[in-house]
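Next come the chains, spelled out residue by residue.
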Amino acid sequence: ILNVEQSPQSLHVQEGDSTNFTCSFPSSNFYALHWYRWETAKSPEALFVMTLNGDEKKKGRISATLNTKEGYSYLYIKGSQPEDSATYLCAAPGGTSYGKLTFGQGTILTVHP
Amino acid sequence: DAGITQSPRHKVTETGTPVTLRCHQTENHRYMYWYRQDPGHGLRLIHYSYGVKDTDKGEVSDGYSVSRSKTEDFLLTLESATSSQTSVYFCAIRGGTQSNTEAFFGQGTRLTVV
């Protein structure tokens, strides 16, 4: 079983705060690391797919970094807004034909106005 | 939006009855997945498929079976539903042959076993 872990489990911040959370994964047999955003009553949507050590991706106020050697990725949100409130999931592929996509348990972010 | 449809969207069934959920895609994507969503657990993989008639177990496969007889359809069957299988079930699809392609999710199916 591919062990993908996220921390913290939940986070409460004030509007305007910057925040970050962590995804850790096995560094051996690394293929890729995915980040998803999951709003209440909706379906998860992809933010980033990262493959290279040292990779950094950005989408608006959200960015992510990847360290494949030590097996972790950080997701950063700059100047959090109430609409950023969601569950943020990371996932790693593995298994037969890279097909098995295992998710972490998620970080629930609540941004208070 | 990725062409992925789950049916039914809601179902209430009795303990011990068989239930089949359907996931249909129009994207011709290779990989298809069934996950269940439970509080505190995020998304847990039940089964996945990497091609027609090619399936493998996920981390919570007990009590579930799947079939994929054609590219576009991935069926999840609960042979004899139990109350512990009350959950929201998500289907996902993913294209390509490498690990660097994102997954697209269906709208979810809320299943209640009474």
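Structure's up top.
In this text, all values refer to a predicted model and were calculated from it rather than measured experimentally.

## Side note on the packing of aromatic side chains
Okay, step 1: For the structure shown, the criterion picks out 15 aromatic pairs over all chains.
Okay, step 2: Measuring from ring centre to ring centre gives 5.2 Å for Phe 25 of chain A and Phe 30 of chain A, while their planes differ by 35°; the resulting arrangement is tilted.
Okay, step 3: Judged by relative accessible area, Phe 25 of chain A falls into the buried class, the value being 6%.
Okay, step 4: Classification of Phe 30 of chain A by relative accessible area gives partly exposed; the value is 21%.
Okay, step 5: Ring centres of Tyr 74 of chain A and Tyr 76 of chain A lie 6.1 Å apart, and the angle between their planes is 70°; this geometry places the pair in the edge-to-face category.
Okay, step 6: Classification of Tyr 74 of chain A by relative accessible area gives partly exposed; the value is 27%.
Okay, step 7: Taken together, the ring pairs in this structure connect Tyr 36 and Phe 103 of chain A together with Tyr 33, Tyr 35, Tyr 48, Tyr 50 and Phe 105 of chain B into an aromatic cluster.

## Looking at the pattern of salt bridges
All names here are of chain A.
Okay, step 1: Going through the model one piece at a time under the given rule, you end up with seven salt bridges over all chains.
Okay, step 2: We note a salt bridge from Arg 61 to Asp 84, for which the minimum N-O separation is 2.8 Å. Highlighted residues: Arg 61 in the loop between β6 (56-59) and β7 (62-67) and Asp 84 in the loop between β8 (72-77) and β9 (86-94), separated in sequence by 23 residues.
Okay, step 3: Overall, the relative accessible area of 33% leaves Arg 61 in the partly exposed class.

## With respect to the sheet that holds strand β7 (residues 64-70) of chain B
Residues and elements named next belong to chain B.
Okay, step 1: The four strands are arranged β1-β3-β8-β7 in an open sheet whose pairing can be described as antiparallel. A single partner strand is all that each edge strand has here, and the edge strands are β1 (4-7) and β7. The average angle at which neighbouring strand axes cross in this sheet is 15°, direction not considered.
Okay, step 2: Taken together, the five bridges between β7 and strand β8 (residues 73-78) define a ladder with antiparallel strand orientation. Counterpart to Tyr 64 in the pairing with β8 is Leu 78.

Conventions adopted
- Counting of residues starts from 1 at the beginning of each chain's written sequence and follows it residue by residue.
- Naming scheme: in the order in which they are written, chains are lettered from A and ligands are numbered from 1.
- Where local features are concerned, this predicted model is filtered to residues with pLDDT of at least 70; where side-chain atom pairs are given and counted, the filter is 80 or more; whole-chain, interface and lining totals use all residues.
- Hydrogens and water are ignored here; the side-chain numbers use all heavy atoms of the structure.
- Two rings from Phe, Tyr or Trp (for Trp, the six-membered ring) form a pair when their centres sit within 6.5 Å of each other. Planes less than 30 degrees apart are called stacked, planes more than 60 degrees apart edge-to-face, and all others tilted.
- Note on classification: 1.4 Å probe, protein chains only; a residue is buried when its accessible area is under 20% of the maximum for its type, exposed when over 50%, partly exposed between these limits.
- Should a side-chain nitrogen of Lys or Arg be within 4 Å of a carboxyl oxygen of Asp or Glu, the pair is scored as a salt bridge.
- A run of H or I in DSSP becomes a helix once it reaches four residues, and a run of E becomes a strand once it reaches two; helices and strands are each numbered from the N terminus.
- Here, a strand pair is defined by DSSP locating no fewer than two bridges between the strands.
- With axes taken as lines fitted to C-alpha atoms, and helix axes fitted only over the stretch in contact, angles between N-to-C directions fall between 0 and 180 degrees.

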